[in-house]
Amino acid sequence: MTETDEGELADIEQGRKLFLRPCQFVAGAMTADQLPDMQLPEIAFAGRSNVGKSSLINALTNQKSLARTSQTPGRTRQLNFFDCGERLCLVDLPGYGYAKASKTDIKAWTGLTLDFLKGRATLKRVMLLIDSRRGIGDKDREIMSIFDKSAVSWAVVLTKIDKLSATEKTAVTANTLAEAAKHVAAWPGVFVTSAEKAVGIDELRGHIFSLID
Ligand code: GDP
């Protein structure tokens, strides 16, 4: 076992412990002045509507309905803040790319997300969720460029990997890694996950622990 492996295993164990603490909803913001004060280190989650964001947050926190799943896509237009054991704050950013959303709505939540990303010294990383069946799309690329411009550190998380064959999984992982590598602000790796089958959840928890430790 290499030193890196040992470090990762230790982080996984600490990450598991971190998420044994209860997480609870503490604030929702629809406008910049509703953003809560910066206190705990924050990890944010972004992605298209229906990417599996609520399911992933629920899987990470071992809580079945912390973030609501299967709501009408695009309904959740606010930034939701969850305190996890007073050690960490998870931030659920509004899903983007919902076809039926109005231009005014899109402008409002894009503006709020930008305000958040630019002004958050406590924000350690944004996890950008990509549906592994779709791969990275144009809407995701727009968000990546917003992250790059805001100098936010971000990482790609592939979701719903249980829906892919082994060959498809290898291809989407390689393509995603190659695209993320073109961005300086992107973490040079990709998390491959399934909230449904609990794949990659331990590794993601370990990574989150390493960011706030
Ligand atoms: P959100 O809109 O991004 O919060 O997405 P949800 O978490 O509500 O998930 C959208 C849909 O994808 C729901 O029907 C989920 O059951 C499904 N889903 C989410 N995660 C997974 C997964 O890991 N595997 C599979 N097969 N389906 C998933």
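Residues numbered from 1 in each chain as written. Predicted model: local features only at pLDDT ≥ 70, side-chain atom pairs only at ≥ 80, totals over all residues. Heavy atoms only, no water.

(A) Seen up close, the packing of aromatic side chains. Summed over the entire model, instances satisfying the criterion amount to 4 aromatic pairs. Taken together, a centroid distance of 6.0 Å and an interplanar angle of 75° make the contact between Phe81 and Phe116 edge-to-face. Within this pair, whereas Phe81 is found in strand β3 (residues 79-84), its partner Phe116 is found in helix α3 (residues 103-118), the two being separated by 35 residues in sequence. The exposure class assigned to Phe116 is buried, which follows from its relative accessible area of 0%. (Phe/Tyr/Trp six-rings, centres within 6.5 Å; stacked < 30°, edge-to-face > 60°. Helix = DSSP H or I, 4+ residues; strand = E, 2+ residues; numbered from the N terminus. Buried < 20%, exposed > 50% of the residue type's maximum accessible area, 1.4 Å probe, protein only.)

(B) Summary view of a negative patch on the surface. Judged by side-chain charge, Asp5, Glu6, Glu8 and Glu203 come together as a negatively charged surface patch. The element that contributes the greatest number of residues to the negative patch is helix α1 (residues 3-18), accounting for 3 residues. Within the secondary structure, Glu8 is located in helix α1. Given a relative accessible area of 47%, Glu8 falls into the partly exposed group. (Patch = residues over 30% accessible without salt bridge, like charges linked within 9 Å, V, L, I, M, F, W, Y side chains within 5 Å. Areas by Shrake-Rupley, 256 points an atom, 1.4 Å probe, with all protein chains shown as cover. Salt bridge = Lys/Arg side-chain N within 4 Å of Asp/Glu carboxyl O. Lys, Arg positive; Asp, Glu negative; His and termini not counted. Charge placed at Lys NZ, Arg CZ, Asp CG, Glu CD.)

(C) Molecular detail of helix α6 (residues 201-212). The end-to-end C-alpha separation of α6 is 17 Å, in line with the 16 Å expected for 12 residues at 1.5 Å each. A large share of α6 lies buried, amounting to 9 of its 12 residues. Restricting attention to buried positions, one finds in α6 the residues Ile201, Leu204, Arg205, Gly206, His207, Ile208, Phe209, Leu211 and Ile212. (Expected span 1.5 Å × (residues − 1).)

(D) Focus on the state of the cysteines. Summed over the entire model, instances satisfying the criterion amount to 1 disulfide. With its sulfur 2.2 Å from that of its partner, Cys23 forms a disulfide with Cys84. In this structure, the disulfide formed by Cys23 and Cys84 twists by about 115° around the S-S bond and is classed as right-handed. Taken together, the residues span a long stretch of sequence, with Cys23 in strand β1 (residues 23-29) and Cys84 in strand β3 at a distance of 61 residues. In terms of burial, Cys23 and Cys84 fall into one category: buried. Free of any disulfide, Cys89 has its nearest cysteine sulfur in Cys84, 7.6 Å distant. Assessed through its relative accessible area of 8%, Cys89 is described here as buried. (Disulfide = S-S within 2.5 Å.)

(E) Representation of the pairing of strand β2 (residues 42-47). Burial within β2 is extensive, with 6 of its 6 residues counted as buried. Pairing of β2 with strand β4 (residues 88-92), which is carried by 4 bridges, proceeds in the parallel orientation. Looking at the pairing, Ala44 lines up with Val91 of β4. With 6 bridges joining them, β2 and strand β5 (residues 123-131) adopt parallel strand pairing. Directly across from Ala46, in β5, lies its bridge partner Leu128. (Pairing = 2+ DSSP bridges.)

(F) Inspection of the pattern of salt bridges at higher detail. In the structure shown here, the tally under the stated rule is 8 salt bridges. Among the salt bridges present, the one from Arg133 reaches Asp131, with a minimum N-O distance of 2.9 Å. Notably, a salt bridge pairs Lys160 with Asp131, separated by 3.5 Å at the nearest N-O pair. Of the two residues, Lys160 is situated in the loop between β6 (154-159) and α5 (166-180) and Asp131 in strand β5; the sequence distance between them amounts to 29 residues. Linked by salt bridges that have partners in common, Asp131, Arg133 and Lys160 make up one network.

(G) Representation of the site of the ligand in the model. Near the ligand there are 14 residues, and of these Lys53, Ser54, Ser55, Asp162 and Ala195 occur at the shortest range. In this structure, an oxygen atom belonging to the ligand sits 2.9 Å away from a main-chain N or O atom of Asn50. Here the ligand has 580 Å² of accessible area as a free molecule, and 82% of this is covered by the chains. Its residues assigned to classes, the shell around the ligand shows 2 nonpolar, 7 polar and 5 charged. (Near = heavy atom within 4 Å. Polar contact = N/O pair within 3.5 Å; in protein donor to acceptor, adjacent residues only side chain to side chain. Nonpolar A, V, L, I, M, F, W, Y, C, P; charged D, E, K, R; others polar.)

(H) How the structure looks around the nonpolar core. With 36 residues, the main nonpolar core has Phe81, Phe116, Val126 and Leu128 as its most contacted residues. Setting aside residues up to four positions removed in sequence, Leu128 forms contacts with Ala46, Gly47, Tyr96, Asp140, Ile143, Met144, Phe147, Trp154, Ala155, Val156 and Val157. One finds Ile43, Leu66, Leu129 and Ile212 within the second-largest nonpolar core, a separate group that totals 27 residues. (Core = buried A, V, L, I, M, F, W, Y, C linked by side-chain atoms within 4.5 Å. Contact = heavy atoms within 4.5 Å.)

Structural measurements only, silent on function.
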